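Chains, contacts and geometry: an overview
What follows is each chain in one-letter form.
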Amino acid sequence: MSTMKFCRECNNILYPREDRDKKVLLYACRNCDHQEVADNNCVYRNEVLHSADERTQVLQDIASDPTLPRTKNVRCANCQHGEAVFFQATARGEEGMTLFFVCCNPNCGYRWRD
């Protein structure tokens, strides 16, 4: 993982800079002329870790999202409610888009795809 680097001459932060002629990544000081070759090409890494509860909560909240389209042309197989929110997304392990439905009954939240 990349850490902050500091100038050996003046102790200011070193910023990433590209040497286009040599095609290498450098860390350069903006205060003095000090620069050094980067030992790793990773400048920044953002790791997003989600728990299963966070993903489930997002899906439950979808039914109350006023920006998503709704339909009354479907019936929930779980509770027989006549309204659902729908959206398109890619399904895991499949190519192309899939139409997903989420029941609008606040006590149900059943999801299915078309």
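All values reported here derive from a predicted model rather than from experimental measurement.

As a further point, take the overall build of the chain. Within the chain, the regular secondary structure consists of 1 helix and 7 strands. The secondary structure elements of the chain, listed N-terminal to C-terminal, are β-β-β-α-β-β-β-β. In the chain, which comprises 114 residues, the share counted as buried stands at 24%. Put simply, of all contacts in the chain between residues at least 6 apart along the chain, 22% involve residues at least 24 apart. With an accessible surface of roughly 9,200 Å², the chain has 45% of that area assigned to carbon and sulfur atoms.

As a further point, take the state of the cysteines. In this structure the tally under the stated criterion is 0 disulfides. With no disulfide of its own, Cys-10 lies 3.5 Å from the sulfur of Cys-29, the closest cysteine sulfur. With no disulfide of its own, Cys-104 has Cys-103 as its nearest cysteine by sulfur position, at a separation of 6.5 Å. Using a relative accessible area of 12% as the deciding quantity, one classes Cys-104 as buried.

Sequence positions flagged by UniProt for "zinc finger region: C4-type" (unreviewed entry) are, in local numbering, residues 7-32. In the segment residues 7-32, helix accounts for 0% and strand for 46%; the C-alpha atoms at its two ends are 9 Å apart.

Right, let's get into the sheet that holds strand β2 (residues 24-29). An order of β1-β2-β3 is seen for the 3 strands of this open sheet, with the pairing classed as antiparallel. The sheet is open, and its two edges are formed by β1 (14-19) and β3 (35-37), each paired on a single side. Each strand of the sheet is rotated relative to its neighbour by a mean of 35 degrees, with strand direction disregarded. Sheet topology places β2 next to β3; 3 bridges connect them, and they run antiparallel. From the neighbouring strand, Tyr-27 faces β3, where its bridge partner is Glu-36.

A separate point is the pattern of salt bridges. What the rule picks out here adds up to 4 salt bridges. Note that Arg-8 and Glu-36 form a salt bridge whose closest N and O atoms lie 3.9 Å from each other. On the criterion of sequence distance, the pair formed by Arg-8 in the segment before β1 and Glu-36 in strand β3 is long-range, its members being 28 residues apart. Across the salt bridge formed by Glu-18 and Arg-20, the nearest N and O atoms sit 3.9 Å from each other. Using a relative accessible area of 64% as the deciding quantity, one classes Arg-20 as exposed.

Reading guide: rules and limits
- Residues numbered from 1 in each chain as written.
- Predicted model: local features only at pLDDT ≥ 70, side-chain atom pairs only at ≥ 80, totals over all residues.
- Heavy atoms only, no water.
- Helix = DSSP H or I, 4+ residues; strand = E, 2+ residues; numbered from the N terminus.
- Buried < 20%, exposed > 50% of the residue type's maximum accessible area, 1.4 Å probe, protein only.
- Contact = heavy atoms within 4.5 Å.
- Areas by Shrake-Rupley, 256 points an atom, 1.4 Å probe, with all protein chains shown as cover.
- Disulfide = S-S within 2.5 Å.
- UniProt positions renumbered as here; feature names shortened; annotations may be inferred.
- Pairing = 2+ DSSP bridges.
- Axes fitted to C-alpha atoms, helices over the stretch in contact; angles between N-to-C directions.
- Salt bridge = Lys/Arg side-chain N within 4 Å of Asp/Glu carboxyl O.

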